[in-house]
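The residues making up each chain are set out below.
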Amino acid sequence: MTGPSTTFDAMVHGGNLHEAAERYGIPHAQWLDLSTGINPHGYPVPPVPADAWRRLPDEGDGFAACAARYYGAPDATHVLPVAGSQAAIRALPSLLRSAQVGIAPLTYSEYAPAFERAGHEVVPLDVSWETLPDTLTHVVIVNPNNPTAEHLSAGKLLHWHAQLRARGGTLLVDEAFADTMPSASLAANSDRDGLIVLRSPGKFFGLAGVRAGFVLGAPTLLSALRRTLGAWTVSGPARHAVSAAFQDTLWQQQMRMRLDGESARLVKLLRAHGFVTRSTPLFAWTDDARAAALHEALAQRGVWTRLFMASGSVRFGLPAGDVEWTRFEARLREAVAQCVSNVPAR
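The structure contained in this document is the topic of the report that follows. (Residues numbered from 1 in each chain as written. Predicted model: local features only at pLDDT ≥ 70, side-chain atom pairs only at ≥ 80, totals over all residues. Heavy atoms only, no water.)

Focus: the packing of aromatic side chains
Summed over the entire model, instances satisfying the criterion amount to 19 aromatic pairs. A connected cluster of aromatic rings, assembled from ring pairs, spans Tyr43, Phe63, Tyr70, Tyr71, Phe204, Phe205, Phe214, Phe246 and Trp251. A cation over a ring is seen here: Arg265 above Trp325, with NZ or CZ 4.2 Å from the ring centre. It is Arg306 that lies over the ring of Phe308; its NZ or CZ is 4.0 Å from the centre. (Phe/Tyr/Trp six-rings, centres within 6.5 Å; stacked < 30°, edge-to-face > 60°. Lys NZ or Arg CZ within 6 Å of the ring centre and 35° of its normal.)

Overview of helix H3 (residues 63–71)
Residues spaced three or four apart along an α-helix point in a common direction, a consequence of the helix completing one turn every 3.6 residues. With seven of its nine residues buried, H3 lies for the most part within the structure. Turning to H3, its buried residues number three or more, namely Phe63, Ala64, Cys66, Ala67, Ala68, Tyr70 and Tyr71. Buried residues belonging to H3 abut strand E2 (79–82), strand E7 (195–199), strand E8 (213–216), helix H8 (236–247) and helix H9 (249–272). Following H3 by one or two positions, Gly72 adopts a phi angle in the positive range, close to 85°. (Buried < 20%, exposed > 50% of the residue type's maximum accessible area, 1.4 Å probe, protein only. Helix = DSSP H or I, 4+ residues; strand = E, 2+ residues; numbered from the N terminus. Contact = heavy atoms within 4.5 Å.)

Side note on the sheet that holds strand E3 (residues 100–103)
The strand order E2-E8-E7-E6-E5-E3-E4 describes an open sheet built from seven strands, whose pairing is mixed. Each of the sheet's edge strands pairs with one partner strand only, and the pair in question is E2 and strand E4 (121–124). For this sheet, the mean inter-axis angle between neighbouring strands, taken without regard to orientation, is 20°. Sheet topology note: the strand E6 (residues 170–174)/E7 ladder contains four bridges and is parallel. When the sheet's bridge partners are listed, Asp174 is paired in E7 with Leu198. Along the sheet, H3 contacts E2, E7 and E8; its crossing angle with E2, the most-contacted strand, is approximately 110°. Along the sheet face, helix H7 (residues 219–229) touches E2, E7 and E8 and points at about 20° away from the line of E2. (Pairing = 2+ DSSP bridges. Axes fitted to C-alpha atoms, helices over the stretch in contact; angles between N-to-C directions.)

Quick look at unusual backbone geometry
Excluding glycine, a negative phi dihedral is what most residues carry, and trans is how most peptide bonds are arranged. With an omega of -5°, the peptide bond between Asn143 and Pro144 qualifies as cis. With respect to the secondary-structure elements, Pro144 resides in the loop between strand E5 (138–142) and helix H6 (154–166). Of note, the phi angle at Ala149 is positive, near 70°, even though the residue is not glycine. Considering the arrangement of structural elements, one finds Ala149 in the loop between E5 and H6. By relative accessible area, Ala149 is classed as buried at 11%. Positioned with a positive phi, Trp232 is a non-glycine residue whose angle comes to about 55°.

A word on the pattern of salt bridges
Within the structure shown, the criterion is met by 15 salt bridges. Between Arg199 and Glu175 there is a salt bridge, with its nearest N and O atoms 3.0 Å apart. Linking Arg199 in strand E7 with Glu175 in the loop between E6 and E7, this pair joins segments that are 24 residues apart in sequence. With relative accessibility at 3%, the residue Arg199 sits in the buried group. Owing to a relative accessible area of 1%, Glu175 belongs among the buried residues under this scheme. Via salt bridges that share partners, Asp51, Arg54 and Arg55 belong to a single interconnected network. (Salt bridge = Lys/Arg side-chain N within 4 Å of Asp/Glu carboxyl O.)

Let's talk about H7
Those residues of H7 that fall on the buried side of the exposure criterion are Leu221, Leu222, Ala224 and Leu225. Down the axis, H7 shows its buried residues gathered within 160° of arc, on one side only. Exposed residues pointing more than 90 degrees away from the buried face of H7 are listed as Thr220 and Arg227. Phi turns positive, to about 85°, at Gly230, one or two residues after H7. (Arc of directions from axis to C-beta.)

Things to note about the pairing of E3
Here E3 shows no split at all, with Gln100 and Gly102 on one side and Val101 and Ile103 on the other all buried. Summarising the sheet, E3 and E5 pair through three bridges and their orientation is parallel. If you follow Gly102 over to E5, its bridge partner there is Val139.

Some remarks on the packing of H3 against H8
What describes two packed helices is the angle between their axes and the distance between those same axes. Viewed as axis vectors pointing N to C, H3 and H8 meet at an angle of 30°, and their least axial separation amounts to 10 Å. Put simply, H3 runs roughly parallel to H8. Pair H3 / H8 crosses with left-handed handedness. Each of Phe63, Cys66, Ala67, Tyr70 and Tyr71 in H3 lies in contact with H8, whose residues at this interface are Arg239, Val242, Ser243, Phe246 and Gln247. A breakdown of the residues in the contact of H3 with H8 according to their chemical character gives seven nonpolar, two polar and one charged. (Parallel < 35°, antiparallel > 145°, perpendicular 65-115°, else oblique. Left-handed = near helix turned anticlockwise from the far one by under 90°. Nonpolar A, V, L, I, M, F, W, Y, C, P; charged D, E, K, R; others polar.)

Things to note about the layout of surface pockets
Quantified by volume, the second largest pocket comes out at close to 260 Å³. Around the second largest pocket sit 16 residues that line it, and Ala52, Asp61, Gly236, Arg239 and His240 are the ones nearest its centre. Broken down by secondary-structure element, the contributors of at least two residues to the lining of the second largest pocket are helix H2 (50–54), H3 and H8. Top element by residues in the lining of the second largest pocket is H8. It accounts for five residues. Per-class residue counts for the lining of the second largest pocket are six nonpolar, five polar and five charged. (1 Å grid on protein atoms, 1.4 Å probe; cavity = no way out; pocket = protein on both sides within 12 Å on 5 of 7 lines; lining within 4 Å. Points joined across faces, edges and corners; volume = space filled by probe spheres on them.)

What follows is the structure, encoded as structure tokens:
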């Protein structure tokens, strides 16, 4: 077993506003939080039936089948509801043969430590590879990637899967941000041995607080994971909220269009200040040389973004409405001016 990796970004997550408030002396309620990629226009959950609070969650309620229809999985036997993707990330590595696993150096930071704790050797993955090194048995890919927004085609990922499967390995694809591009998902292929797809309603539907997620894969793997996680992994109220969201196709269509427009607005704003960005409909990212200084200058003004220390890059979520957009535009202008004024003369 290897020791803690030094090549991967530390496990720090967005949404840590209490930490920011304490560090900068600005009251929690006065912050504009752009540190997550969660949709600020969350799904309007209908009233929760009283039985959802009183009864234990019923695994015969069709929840997995509802998720299979929404994600395009073959059927409910290939879908396991879990208490958020995080639960699966912690449990899955111990169900896979200990071996070398490739993970991109800048991606969701929970994967590398989880695989290392389970005895795997974690090595940096170069996403430009077409042919994977013979030493790799497993690969973890976040698609589109968080935070770089890089997206790999389904064809390339299935090519990787074929290589890994031939050596008894596994391709794990985290599609937490894929709801805005459903045609690019590998969910329909989740009946293939050696392919695991993780999905989450937290980002696109703005339902991170319900702590629900789904593992798509072969029934034998899902059975082993179910035994590991135990019963009642997703609460009754969470099942109600997510089922309603999955069935509301009109809301989904309208929200995808809205997020496309707001993402374009965010990218245009950042580029107007000279920042080269990559983006998904839920966030924008830059590794501009000024990024770390910009994060600090914005924080001094009560705007919280997500700084990735190892790479000196910053991710921006979407403001929630016109008031937040106006505030962000003003604070961004001030922060950029501060960054420029702090650059020493040559």
